[in-house]
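Fold and contact review
In case you want the letters, here they are:
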Amino acid sequence: MGILEILLIAVGLAMDAFAVSVCKGLSLKQMEWKKAVIVGLYFGVFQALMPAIGYFLGTTFESLVTQIDHWIAFVLLGFIGINMLKEAFDKDNEESNDKVDLKTMLVLAIATSIDALAVGITFAFLKVNMLLATLLIGIITFGLSIIGVKIGNKFGNKYEKKAEATGGIILILMGIKILFEHLGIV
């Protein structure tokens, strides 16, 4: 997997964190950069950590699933992407608050990075450079989360759902690309 694919996956994975960051920004009466950086750090660290854990799990069980690894990648990325699209079009508004304490941010960081765990499993089968992947995923998520807080504070709900839908589409397309490559279609 090349750097372009890793970058696209990193952006796709960051969209959940970006959407939640927009909500955090909405809840701030005025922009607080310290809170934006805290949000970025939580999301960036967890988005980088989860693929590494997934990679470890994937390499541990690699011999059991080598013949179907491309199907696993396709199903996991497609499932995550479809869920992101579903959430993007869900009419229920999530409750938001401006707290960035350990308890609040830990729950949000884990919730937004579960999909990154599944992506890490697929990385194990695709022999991805994990140092590069985790760094890019963490840095991109960190930056987009800070931007999300700022956008949320400035513009409100306008971009939250579009960001999540874009992330879902990116992950679905990457899953299809991986499947097609392994089937010899591309």
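Scope of this entry: the structure provided in the associated data block. Counting from 1, residues in each chain are numbered in the order their sequence is written. pLDDT decides what is reported in this predicted model: residues at 70 or higher carry local features, side-chain atom pairs at 80 or more are listed and counted, and totals for whole chains, interfaces and linings draw on all residues regardless. Excluded from the side-chain calculations are hydrogens and water; all other atoms, namely the structure's heavy atoms, are used.

Considering the overall build of the chain
- Helix and strand definitions follow DSSP, with helices as H or I runs of at least four residues and strands as E runs of at least two, each counted in order from the N terminus. When you go through the chain residue by residue, the secondary structure sums to seven helices and zero strands.
- Going from N to C terminus, the chain has its helices and strands arranged as α-α-α-α-α-α-α.

Regarding a nonpolar patch on the surface
- A cluster of nonpolar side chains, contributed by Leu-49, Ile-53, Phe-56, Leu-57, Phe-61 and Leu-64, occupies part of the molecular surface with about 600 Å² of accessible area.
- Among the elements that line the nonpolar patch, the one with the most residues is helix α2 (residues 33-60), at four residues.
- With respect to the helices and strands, Leu-57 occurs in helix α2. Surface patches are defined over residues having more than 30% relative accessible area and no salt bridge, joining like charges when they lie within 9 Å and nonpolar side chains (Val, Leu, Ile, Met, Phe, Trp, Tyr) when within 5 Å. Surface accessibility in these figures is a Shrake-Rupley result with a 1.4 Å probe; residues are shielded only by whichever protein chains are displayed. In the sections that follow, a salt bridge refers to a side-chain nitrogen of Lys or Arg positioned within 4 Å of a carboxyl oxygen of Asp or Glu.

What about helix α1 (residues 3-27)?
- Its 25 residues place the ends of α1 35 Å apart at the C-alpha level, agreeing with the 36 Å of an ideal helix rising 1.5 Å per residue.
- Largest kink in α1: about 35 degrees, centred on Met-15. For a helix, the expected span equals 1.5 Å multiplied by the residue count minus one. At any given residue, the bend is defined as the angle formed between two axes, one fitted to the seven residues that end at that position and one fitted to the seven that begin there.

Focus on the pattern of salt bridges
- According to the stated counting rule, one finds two salt bridges in the structure shown.
- Residue Lys-177 pairs with Glu-5 through a salt bridge whose shortest N-O separation is 3.0 Å. Residue Lys-177 is located in helix α7 (residues 160-183), and its partner Glu-5 is located in helix α1; the two are separated by 172 residues in the primary sequence.
- The rule is simple: take the accessible area with a 1.4 Å probe, protein chains only, and divide by the maximum for that residue type; under 20% is buried, over 50% is exposed, in between is partly exposed. A residue is classified by how much of its surface remains accessible, and Lys-177, at 26% relative accessible area, is partly exposed.
- Two residues, Lys-35 and Glu-32, come together in a salt bridge whose shortest N-O distance is 3.9 Å.
- Lys-35 sits in the buried class, given a relative accessible area of 19%.

Details of the packing of α1 against α2
- Between α1 and α2, the least distance of the axes is 11 Å, while the angle of their chain directions is 160 degrees. The orientation of α1 relative to α2 falls into the category roughly antiparallel. Remark: the crossing between α1 and α2 carries right-handed chirality. Each of Leu-13, Ala-14, Ala-17, Val-20, Ser-21 and Lys-24 in α1 lies in contact with α2, whose residues at this interface are Val-39, Phe-43 and Gln-47. Helix axes are fitted to C-alpha atoms over the stretch in contact, other axes to C-alpha atoms as well, and angles between N-to-C directions run from 0 to 180 degrees. These descriptions rest on fixed angle ranges, namely under 35 degrees for roughly parallel, over 145 for roughly antiparallel, 65 to 115 for roughly perpendicular, and the rest for oblique. Here is the rule for handedness: rotate from the far helix to the near one, and if that takes an anticlockwise turn smaller than a right angle the crossing is left-handed, while a clockwise turn gives right-handed. Residues are treated as being in contact if the distance between any of their heavy atoms lies within 4.5 Å.

Here's the deal with the nonpolar core
- Side-chain atoms within 4.5 Å are what join buried Ala, Val, Leu, Ile, Met, Phe, Trp, Tyr and Cys residues into a set we call a nonpolar core. Ile-9, Leu-13, Val-119, Phe-123 and Leu-171 are the most contacted members of the largest nonpolar core, which has 26 residues in total.
- For this core, the secondary structure elements donating two or more residues are α1, α4 (69-89), α5 (102-126), α6 (130-155) and α7.
- When residues in this core are grouped by element, the largest group, six residues, is from α1.
- Those residues in contact with Phe-123, other than ones at most four positions away along the chain, are Met-1, Ile-9, Tyr-55, Val-128, Met-130, Ala-133 and Ile-137.

Focus: unusual backbone geometry
- A positive phi angle is found at Lys-127, which is not glycine, with a value near 55 degrees.
- Checked against the element boundaries, Lys-127 lands in the loop between α5 and α6.
- Exposure remark for Lys-127: the relative accessible area of 53% places this residue in the exposed category.

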